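# Geometric and topological summary
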Amino acid sequence: MRILVTGGAGFIGSHFIRAWLKAHPADTVVNLDALTYAGSSERLADVDERRHALLHGDICDGAIVEQAIAGCELLVHCAAETHVDRSITNAAKFLRTNIEGTRVLLEAARAAGVKRVIHISTDEVYGPVLNGAVEETAPLAPKSPYAASKAAGDLLAQSYYATYGLPVIVVRPTNCYGPGQFPEKLIPLAITNVLDGRSVPVYGDGQQRRAWLFVTDACAAIQAVIERGALGEVYNVAGESEQPNLQTVGMILELLRASASLIEHVADRPGHDRRYAMRDDRLRALEWQPRVTFADGLARTTAWYRTQEMWWRPLVRQLREDSYHWLNRSAGPSPHQAARSAP
């Protein structure tokens with residue numbers, strides 16, 4: 001089978017491509033990626049070129065999407081603008097990629113007769129969940145431009161199933177982490193800052209609660225949905241590790257034998273959701289469950305960054321030079337740069 005993965009040079013997309021090709025030795029993958037700051041062709045440089053073709057292009061470009069999807073039976077749509085902080089300072093990019101890009105892909109999939117479309121979303125579309133946990137039928141209540149753009153993409157995908165019969169399934173994972181994640185997200189940011197002897201910024205009191213899912217477990221969930229999921233359904237991917245961000249940073253400091261004095265509490269992010277929590281009974285009925293504990297996954301992730309400085313140092317250097325970001329806080333943050341740390 002020939003499949004199209006959008007955003008396959010990104011964090012989750014690249015891990016998914018590796019996992020899929022390993023599990024399906026007869027399949028080939030077309031990887032359509034815009035290669036923005038968070039995408040890198042190096043993530044899949046060692047993958048057999050006979051089975052993986054990287055096509056540099058924008059999902060909003062109908063012509064290149066039509067070229068990429070030709071002959072594909074399956075579309076796994078991972079491409080997205082994903083960082084909440086960036087959406088606060090520049091929402092337009094998020095609306096373009098996450099809504100218009102999704103529309104272009106859905107139209108192309110419909111025209112090409114794709115047999116299954118997997119739309120990768122996020123738990124953030126539900127908004128804050130202060131008590132209990134939400135099921136897939138809960139109303140969407142996004143609180144950031146990023147989450148709102150993803151919610152719009154979800155609804156658009158579901159509308160194509162209802163209106164045109166396009167075989168769509170929506171997957172909503174919780175916060176993913178693991179080797180090769182771009183170092184603006186909480187876990188890799190904390191690890192790389194500590195390795196550099198820098199402070200680790202933590203929003204507000206650090207008590208925002210997040211559930212964590214190791215990236216290979218997320219990929220296994222996507223694969224389970226592809227193989228056994230029901231068309232038109234939504235599947236939460238919740239994992240089993242929920243804790244305050246401050247505790248997560250503390251675990252990283254302990255793994256790296258660094259002092260808690262490196263923690264730096266900074267002004268909270270505008271509209272910061274206090275907690276996310278989902279139920280994923282529907283997914284577990286497909287015989288999926290997470291296999292990597294948070295303690296083990298965090299240790300594996302930390303070890304990876306310790307040995308891959310050649311990969312992350314140029315990225316961190318660019319982030320520090322970028323006026324948008326504030327990894328180097330020597331001059332102090334601007335109002336919109338108040339802590340680029342927590343998801």
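Each remark here, short or long, concerns the structure printed above.
Values in this document were obtained by computation on a predicted structure and should not be read as measured data.

## Structural notes on the overall build of the chain
Helix and strand counts for the chain come out as 11 helices and 12 strands. Against the globule reference of 20 Å for 343 residues, the chain gives a C-alpha radius of gyration of 19 Å, in line with a compact fold. Overall, the C-alpha framework of the chain stretches about 55 × 45 × 35 Å when taken along its three principal axes. A buried classification covers 55% of the 343 residues belonging to the chain. Sequence-distant contacts in the chain: of pairs separated by 6 or more residues, those separated by 24 or more amount to 81%. A total of about 14,100 Å² of accessible surface is found on the chain, and carbon and sulfur atoms cover 51% of it. Looking at charge distribution, the chain has the averaged site of its 36 positive side-chain charges lying 2 Å from that of its 38 negative ones.

## What to know about the nonpolar core
The biggest cluster of nonpolar side chains holds 34 residues, and the ones touching the most others in it are Leu4, Leu32, Ile69, Leu75 and Val117. Those elements that place two or more of their residues in this core are strand E2 (28–33), helix H2 (62–69), helix H4 (91–112), helix H5 (145–164) and strand E6 (168–173). Of all hydrophobic cores here, the second largest spans 32 residues; its members include Phe16, Leu74, Cys78 and Ile169.

## Some thoughts on the environment of arginine 86
Mapped onto the secondary structure, arginine 86 falls in helix H3 (residues 84–89). Overall, the relative accessible area of 14% leaves arginine 86 in the buried class. For the pair arginine 86 and glycine 229, spaced 143 residues apart in the sequence, the C-alpha separation amounts to 33 Å.

## Notes on the environment of cysteine 219
Inspection of the secondary structure assignment puts cysteine 219 in helix H7 (residues 215–228). The sequence separation of cysteine 219 and alanine 109 amounts to 110 residues, and the corresponding C-alpha distance is 22 Å. Excluding residues within four positions of it along the chain, cysteine 219 makes contact with Ile12, His15, Phe16 and Ala19.

## Overview of the packing of helix H1 (residues 11–23) against H7
The relative placement of two packed helices is expressed as an angle between their axes plus a distance between the axes. Across the interface, H1 lies against H7 with an axial gap of 9 Å and an inter-helix angle of 60°. By the angle between their directions, the pair H1 and H7 is classed as oblique. Considering the relative orientation of H1 and H7, their crossing is right-handed. Together, Phe11, Ile12, His15, Phe16, Ala19, Trp20 and Ala23 of H1 and Val215, Cys219, Ile222, Gln223, Ile226 and Glu227 of H7 make up the contact between the two elements. Here the residues of the contact of H1 with H7 sort into 10 nonpolar, two polar and one charged.

## Section: the pattern of salt bridges
If you walk through the whole model with that rule in mind, you get 20 salt bridges. In this structure, glutamate 242 engages arginine 275 in a salt bridge whose closest nitrogen and oxygen atoms are separated by 2.8 Å. Highlighted residues: glutamate 242 in strand E11 (residues 241–244) and arginine 275 in the loop between strand E12 (263–266) and helix H9 (281–284), separated in sequence by 33 residues. Classification of arginine 275 by relative accessible area gives buried; the value is 13%.

## Some words on H5
Its 20 residues give H5 an end-to-end C-alpha distance of 28 Å, which sits within 8% of 28 Å, the value for a rise of 1.5 Å per residue. Where the residues of H5 are buried, they touch H3, H4, strand E5 (116–120) and E6. Glycine 165 sits one or two positions beyond H5 and adopts a positive phi of about 75°.

The rules behind each value
- Residues numbered from 1 in each chain as written.
- Predicted model: local features only at pLDDT ≥ 70, side-chain atom pairs only at ≥ 80, totals over all residues.
- Heavy atoms only, no water.
- Helix = DSSP H or I, 4+ residues; strand = E, 2+ residues; numbered from the N terminus.
- Rg over C-alpha atoms; globule rule 2.2 N^0.38 Å.
- Buried < 20%, exposed > 50% of the residue type's maximum accessible area, 1.4 Å probe, protein only.
- Contact = heavy atoms within 4.5 Å.
- Areas by Shrake-Rupley, 256 points an atom, 1.4 Å probe, with all protein chains shown as cover.
- Lys, Arg positive; Asp, Glu negative; His and termini not counted.
- Charge placed at Lys NZ, Arg CZ, Asp CG, Glu CD.
- Core = buried A, V, L, I, M, F, W, Y, C linked by side-chain atoms within 4.5 Å.
- Axes fitted to C-alpha atoms, helices over the stretch in contact; angles between N-to-C directions.
- Parallel < 35°, antiparallel > 145°, perpendicular 65-115°, else oblique.
- Left-handed = near helix turned anticlockwise from the far one by under 90°.
- Nonpolar A, V, L, I, M, F, W, Y, C, P; charged D, E, K, R; others polar.
- Salt bridge = Lys/Arg side-chain N within 4 Å of Asp/Glu carboxyl O.
- Expected span 1.5 Å × (residues − 1).

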